[in-house]
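Here are the chains, one letter per residue:
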Amino acid sequence: MSESNHHLSSPPAPNPHEDQTTSQKLRQHPIPPASHPRQYRAIGIVRGKYTPEDPEQISKGAIATADGTIEAVLLGRVISLIKNHIDLNQEHVWVVYPRTRQDDNHLHLQILGIWEPENLDDPEALTESIPTSDQVEDGYFSIRGQVVFYDAESKKVIVKIRQSPKKQGDKPKFFKIQLIGALPDRPVNHFYDLQAKLLDNMLMIQTCEDIGYISSRRKGPKPGGKPFNRDKSKPRPVADHHASDSHGATARARPVPRPKPKDSEG
């Protein structure tokens, strides 16, 4: 597909260790099903008009949606596409990574692509399994990660997302997303699959699924320090060996091993 046909933009290239079926799913939907039960990610779909702050520097601006205006930035991979082929005077369906600002907790978006498969020059490339821009749900977000904070009264939820290292050997990085919604009792340190809706520039939880507990790692004693005494009545954490990610297995405080978290697509 030539550059002029890149109106169909999908999430980042699939993991080379994933099978062909998973790779195909990544090209058939802006937010495909998770490839692993504990796959970290934070990604969404927003319909609106993107307006850059400076016509000469289009990488920073805002998306005007039916619900309000949200600050946004363009990731490098879509800047040339937008400069050469996209009419910014029109609304588009944007595939975005949500982020929560640490200074004011406001939501802002990173634009990684546009989902408009109906605009492909090759009509045969569009099949019934590929939703058009009118068929995808506006304002839908998929948030998958570890709940690190929950306040039942205010219904404030903070989820930690782990990102894939950009280079092999680098340590994974983390960021946090704030949402609003009710969760079951004691959700902290559990891995949750959350489906959220963008309302009033906030991510409102629509559905939640508790994938399982994530135990915290205990560091060994410092040199010269006193070793801690483990309660032998409690089961020893069991390292998880199910996932292909080699950047540290998640230890669990249960005797039955379960899939460990995988890195975020964003």
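Note that the structure is predicted; figures quoted are calculated from it, not measured.

Draft legend 1. Representation of the pattern of salt bridges within the structure. Inspection of the entire model under this criterion finds four salt bridges. Among the ionic pairs, Glu71 bridges to Arg101, the shortest N-O distance being 2.5 Å. Here Glu71 is found in strand β3 (residues 68-74), whereas its partner Arg101 is found in the loop between β4 (92-100) and β5 (107-114), with 30 residues between them in sequence. For Lys197, the salt bridge identified is with Glu137, shortest N-O distance 3.3 Å. Residue Lys197 is found in strand β9 (residues 190-199), and its partner Glu137 is found in the loop between β5 and β6 (140-151); the two are separated by 60 residues along the sequence. Residue classification places Lys197 among the partly exposed residues on the basis of a relative accessible area of 21%. Classification of Glu137 by relative accessible area gives partly exposed; the value is 44%.

Draft legend 2. The arrangement of the nonpolar core in detail. Core analysis: the biggest nonpolar cluster contains 40 residues, and Ile82, Trp94, Leu109, Phe141, Ile143, Leu179 and Leu203 have the highest contact counts within it. No other element matches β9, which puts five residues into this core. Ignoring sequence-local partners within four residues, the contact set of Trp94 consists of Gly44, Ile45, Val46, Gly48, Tyr50, Ile63, Ile82, Leu88, Ile111, Gly113 and Ile114.

Draft legend 3. Here's a closer look at the side chain of His36. Mapped onto the elements, His36 comes out in the loop between α1 (20-28) and β1 (41-54). Accessibility expressed as a relative area gives 11% for His36, which makes it buried. One polar contact links the side chain of His36 to the main-chain amide nitrogen of Arg38, over a distance of 3.0 Å.

Draft legend 4. Region of the structure containing the pairing of β9. Among the 10 residues in β9, seven count as buried, and that is most of the element. In this sheet, strand β10 (residues 202-213) lies alongside β9 in antiparallel orientation, the contact comprising 10 bridges. Each residue of the ladder has a partner; that of Tyr192, found in β10, is Asp210.

Draft legend 5. The arrangement of the environment of Leu81 in detail. Relative to the elements of secondary structure, Leu81 occurs in helix α2 (residues 76-85). The spacing of Leu81 and Ile114 is 33 residues in sequence and 9.5 Å in space, taken between C-alpha atoms.

Draft legend 6. Inspection of α2 at higher detail. What α2 keeps buried is the set Val78, Leu81 and Ile82. Seen along its axis, α2 keeps its buried residues to an arc of 95°; they face one direction. Residues of α2 that are exposed and point more than 90 degrees away from the buried face comprise Gly76, Lys83 and Asn84. Along its buried surface, α2 packs onto β2 (57-65), β3, β4 and β5.

The rules we used
Residues numbered from 1 in each chain as written. Predicted model: local features only at pLDDT ≥ 70, side-chain atom pairs only at ≥ 80, totals over all residues. Heavy atoms only, no water. Salt bridge = Lys/Arg side-chain N within 4 Å of Asp/Glu carboxyl O. Helix = DSSP H or I, 4+ residues; strand = E, 2+ residues; numbered from the N terminus. Buried < 20%, exposed > 50% of the residue type's maximum accessible area, 1.4 Å probe, protein only. Core = buried A, V, L, I, M, F, W, Y, C linked by side-chain atoms within 4.5 Å. Contact = heavy atoms within 4.5 Å. Polar contact = N/O pair within 3.5 Å; in protein donor to acceptor, adjacent residues only side chain to side chain. Pairing = 2+ DSSP bridges. Arc of directions from axis to C-beta.

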